[in-house]
Amino acid sequence: MNESGGGEWRAPWWWEAASTGQLAWAIAAYRRGHAGDSRMMPIKAFGVASLFVGAGAAATIGTLKSLGIRQCNTHVSFVLV
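Residues numbered from 1 in each chain as written. Predicted model: local features only at pLDDT ≥ 70, side-chain atom pairs only at ≥ 80, totals over all residues. Heavy atoms only, no water.

1. Some thoughts on the overall build of the protein
Right, so step 1: For the protein, the helix and strand inventory stands at two helices and two strands.
Right, so step 2: If you list the helices and strands of the protein from N to C, you get β-β-α-α.
Right, so step 3: Within the structure as shown, the protein displays about 6,700 Å² of accessible surface, and the carbon and sulfur contribution to it stands at 65%. (Helix = DSSP H or I, 4+ residues; strand = E, 2+ residues; numbered from the N terminus. Areas by Shrake-Rupley, 256 points an atom, 1.4 Å probe, with all protein chains shown as cover.)

This is the structure:
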């Protein structure tokens, strides 16, 4: 963990790097579009979607850590009727 003066904690740089790298890879894969065997299209689409979700998750974790939020004490439960 990186501690700087004043008790302020900064997120590790790899959260930002992971988010940026995954987002760039997802955009490049999305722009490439359909190439090759059409039977592989669902797998390719799932892979690209996973990259976008992973980039969003890494950016969210990096943001929460940089803001100093390390836990959530509020538990919200939803009842589906």
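2. Observations concerning the packing of helix H1 (residues 13-32) against helix H2 (residues 41-66)
Right, so step 1: In contact at an axis separation of 8 Å, H1 and H2 are set at 160 degrees when each is read in the N-to-C sense. Relative to H2, the element H1 is oriented roughly antiparallel. Crossing angle aside, the handedness with which H1 passes H2 is left-handed. Of H2, the residues touching H1 (which contributes Trp15, Ala18, Ser19, Gln22, Leu23, Trp25, Ala26, Ile27, Ala29 and Tyr30) are Val48, Leu51, Phe52, Gly54, Ala55, Ala58, Ala59, Ile61, Gly62 and Lys65. (Axes fitted to C-alpha atoms, helices over the stretch in contact; angles between N-to-C directions. Parallel < 35°, antiparallel > 145°, perpendicular 65-115°, else oblique. Left-handed = near helix turned anticlockwise from the far one by under 90°. Contact = heavy atoms within 4.5 Å.)

3. Digging into the environment of tryptophan 25
Right, so step 1: Topologically, tryptophan 25 is positioned in helix H1.
Right, so step 2: Its relative accessible area of 55% is what places tryptophan 25 among the exposed residues.
Right, so step 3: Considered as a pair, tryptophan 25 and alanine 55 are 30 residues apart in the sequence and their alpha carbons are 9.5 Å apart.
Right, so step 4: Each residue touching tryptophan 25, except ones within four places of it in the same chain, is listed here: Arg32 and Leu51. (Buried < 20%, exposed > 50% of the residue type's maximum accessible area, 1.4 Å probe, protein only.)

4. With respect to a nonpolar patch on the surface
Right, so step 1: Taken together, the side chains of Leu23, Ile27, Tyr30 and Phe52 define a hydrophobic patch exposed on the protein surface, amounting to about 390 Å² of accessible area.
Right, so step 2: When residues of the nonpolar patch are assigned to their parent elements, the largest contribution, three residues, is made by H1.
Right, so step 3: Within the element layout of this structure, isoleucine 27 appears in helix H1. (Patch = residues over 30% accessible without salt bridge, like charges linked within 9 Å, V, L, I, M, F, W, Y side chains within 5 Å. Salt bridge = Lys/Arg side-chain N within 4 Å of Asp/Glu carboxyl O.)

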